[in-house]
Amino acid sequence: MENLVLHMKEPIPGLNAMLRAAGSPRRGTLAGMKLDIQKSVALATLRALGDAKTLPWASHPMKVVRERAEAFAAEKRGRRSSAVKGILEKVKRERSADEEARQSKKKSASRIAPEERPVVIITSYRPRPLEDDDYVGGGKFHVDALRYIGLILDDKQAAAVIRYADQEQCHRDDSMTRIAISRVEHAEKCEACGYVIPLHQV
């Protein structure tokens with residue numbers, strides 16, 4: 001499977017919406033938004049994977065990706081399952097170990113050859129486009145979810161290329177978020193991936 005395309009029915013909320021949620025007097029509003037996005041990304045991942053056996057650019061084996069996606073997909077609003085708590089702790093440990101390896105100049109998992117990095121192209125379809133900074137900031141929880149599930153190793157530039165395509169205006173009923181993931185070498189040759197930046201500019 002050279003590329004994975006995720007479709008979520010909700011558009012990217014935007015950074016301003018996230019900040020309003022963070023300042024809401026209702027406790028847990030932002031946490032609830034984050035959980036909803038993670039669940040949406042997990043469900044979209046399971047739909048897109050189908051019966052695929054391999055993802056050449058994924059940071060974890062297919063079995064692990066499926067298990068993590070299933071754990072996030074089963075989450076209930078306002079509650080964290082022990083399975084997801086365990087995944088988040090493991091991701092945190094993996095990131096710490098990788099950072100220590102880079103600082104000690106040992107071989108690090110994040111040292112991926114430029115042409116082997118996964119490319120993540122995010123496109124938001126909504127009735128009224130967001131301002132650019134609002135759009136990019138609003139995609140943070142989506143990118144984090146990809147990392148938690150194991151589709152990308154990290155969101156640092158050395159480990160993945162994260163790009164936001166131009167927003168698409170649509171009817172309210174057609175609002176959604178589209179995320180395409182593949183390797184650089186495949187994405188720049190694949191129109192379906194929506195890749196818009198040549199490799200030499202990455």
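Here's what I pulled together on the structure shown here. Sequence order as written defines residue numbering, which begins from 1 separately in each chain. This being a predicted model, a pLDDT of at least 70 is required before a residue's local features are given, and a value of 80 or more before pairs of side-chain atoms are given or counted; all residues contribute to the totals for chains, interfaces and linings. Values reported for side chains reflect all heavy atoms of the structure, with hydrogen atoms and water molecules removed beforehand.

1. Digging into the nonpolar core
As a rule of thumb, soluble globular proteins bury nonpolar side chains together.
Move 1: Judged by nonpolar contacts, the single largest core of 41 residues is most densely connected at Leu6, Val41, Val120, Leu146, Ile149, Leu151 and Ile179.
Move 2: Those elements giving two or more residues to this core turn out to be β1 (3–8), α1 (15–22), α2 (29–49), α3 (62–73), α4 (82–103), β2 (118–126), α6 (140–149) and β5 (176–183).
Move 3: By the convention used here, residues are in contact when the closest approach between their heavy atoms is within 4.5 Å. Each residue touching isoleucine 149, except ones within four places of it in the same chain, is listed here: Val41, Ala42, Thr45, Val64, Val65, Arg68, Ala69 and Phe72. Put simply, buried Ala, Val, Leu, Ile, Met, Phe, Trp, Tyr and Cys residues joined by side-chain atoms within 4.5 Å make one nonpolar core. Using a 1.4 Å probe on the protein chains alone, a residue whose accessible area is under 20% of its type maximum counts as buried, one over 50% counts as exposed, and one in between counts as partly exposed. Numbering of helices and strands runs from the N terminus; a helix is a DSSP stretch of H or I covering at least four residues, while a strand is a stretch of E covering at least two.

2. Comments concerning the pairing of β2
Move 1: Counting buried positions along β2 yields eight of nine residues, so the element is predominantly enclosed.
Move 2: Pairing between β2 and β5: eight bridges, direction antiparallel. The partner of isoleucine 121 across the bridge, within β5, is alanine 180.
Move 3: By the bridge criterion, four bridges tie β2 to strand β3 (residues 161–164) in an arrangement that is parallel. Within β3, the position partnered with valine 119 by the bridge is valine 161. Any two strands with at least two DSSP-identified bridges between them are counted as paired.

3. What to know about the packing of α2 against α3
Move 1: Running from amino to carboxyl end, α2 crosses α3 at an angle of 135 degrees, the nearest separation of the two axes being 8 Å. Comparing the axis directions of α2 and α3 gives the class oblique. The handedness of the crossing between α2 and α3 comes out as left-handed. Facing Gln38, Lys39, Ala42, Leu43, Thr45, Leu46 and Leu49 of α2, the residues of α3 in contact are Met62, Val65, Arg66, Ala69, Glu70, Phe72 and Ala73.
Move 2: Here the contact of α2 with α3 is composed, by residue class, of nine nonpolar, two polar and three charged. Throughout, an axis means a line fitted to C-alpha atoms (over the contacting stretch in the case of helices), and angles, computed between N-to-C directions, take values from 0 to 180 degrees. In what follows, roughly perpendicular refers to angles from 65 to 115 degrees, roughly parallel to angles under 35, roughly antiparallel to angles over 145, and oblique to any angle outside these ranges. Put simply, a crossing is left-handed when the front helix is turned counterclockwise from the back one by less than a right angle, and right-handed when it is turned clockwise. For this scheme, ten residues count as nonpolar: Ala, Val, Leu, Ile, Met, Phe, Trp, Tyr, Cys and Pro. Four count as charged, namely Asp, Glu, Lys and Arg, and the remainder, Gly too, count as polar.

4. With respect to the environment of glutamate 70
Move 1: Along the chain, the position of glutamate 70 falls in helix α3.
Move 2: Residues glutamate 70 and leucine 43, spaced 27 residues apart in sequence, show a C-alpha to C-alpha distance of 7.7 Å.

5. A closer look at the packing of aromatic side chains
Move 1: Classification of ring pairs rests on two measures: the distance between centres of Phe, Tyr or Trp rings, Trp counted by its six-membered ring, which must be within 6.5 Å, and the angle between planes, read as stacked under 30 degrees, edge-to-face over 60 and tilted in between. Tallied over the full model, the rule gives two aromatic pairs.
Move 2: With centroids separated by 6.2 Å and ring planes inclined at 10 degrees, the aromatic side chains of phenylalanine 72 and tyrosine 148 adopt a geometry described as stacked. Pair noted here: phenylalanine 72 is in helix α3 and tyrosine 148 is in helix α6, with a separation of 76 residues, a long-range link.
Move 3: When its relative accessible area of 2% is taken as the criterion, phenylalanine 72 is described as buried.
Move 4: Geometrically, the ring pair formed by tyrosine 135 and tyrosine 164 is edge-to-face, given 5.3 Å between the ring centres and 75 degrees between the ring planes. Of this pair, tyrosine 135 sits in helix α5 (residues 132–138) while tyrosine 164 is found in strand β3, placing the two residues 29 residues apart along the sequence.
Move 5: Residue tyrosine 135 is classed as buried on the basis of its relative accessible area of 4%.

6. A word on the layout of surface pockets
Move 1: In this analysis the probe radius is 1.4 Å and the grid spacing 1 Å, with only protein atoms considered; a cavity is a set of points the probe fits into but cannot get out of, a pocket is an open set with protein on both sides within 12 Å along at least five of seven lines, and lining residues have an atom within 4 Å of a point. Grid points are joined across faces, edges and corners, and a volume is the space filled by probe spheres set on the points. In this structure, the largest pocket occupies an estimated 150 Å³ of space.
Move 2: Looking at the largest pocket, it is lined by twelve residues, and the ones nearest its centre are Val91, Glu94, Arg95, Asp98 and Leu153.
Move 3: Per-element accounting of the lining of the largest pocket gives the leading share, four residues, to α4.

7. Brief notes about the environment of valine 136
Move 1: The topology assignment puts valine 136 in helix α5.
Move 2: Placed 122 residues apart in sequence, valine 136 and glycine 14 show a C-alpha to C-alpha distance of 7.5 Å.

8. A word on the pattern of salt bridges
Move 1: Salt bridges are counted wherever a side-chain nitrogen of Lys or Arg sits within 4 Å of a carboxyl oxygen of Asp or Glu. Per the stated rule, a full pass over the model turns up seven salt bridges.
Move 2: For the salt bridge of aspartate 154 with arginine 95, the shortest nitrogen-to-oxygen distance reads 2.8 Å. Taken together, the positions of aspartate 154 in the loop between α6 and β3 and arginine 95 in helix α4 put the pair 59 residues apart, joining distant regions of the chain.
Move 3: Here aspartate 154 falls in the buried class, since its relative accessible area comes to 3%.
Move 4: We note a salt bridge from aspartate 155 to arginine 95, for which the minimum N-O separation is 2.9 Å. Pair noted here: aspartate 155 is in the loop between α6 and β3 and arginine 95 is in helix α4, with a separation of 60 residues, a long-range link.
Move 5: For aspartate 155, a relative accessible area of 28% puts it in the partly exposed group.
Move 6: Through salt bridges that share partners, Arg95, Asp154, Asp155 and Lys156 make up one connected network.

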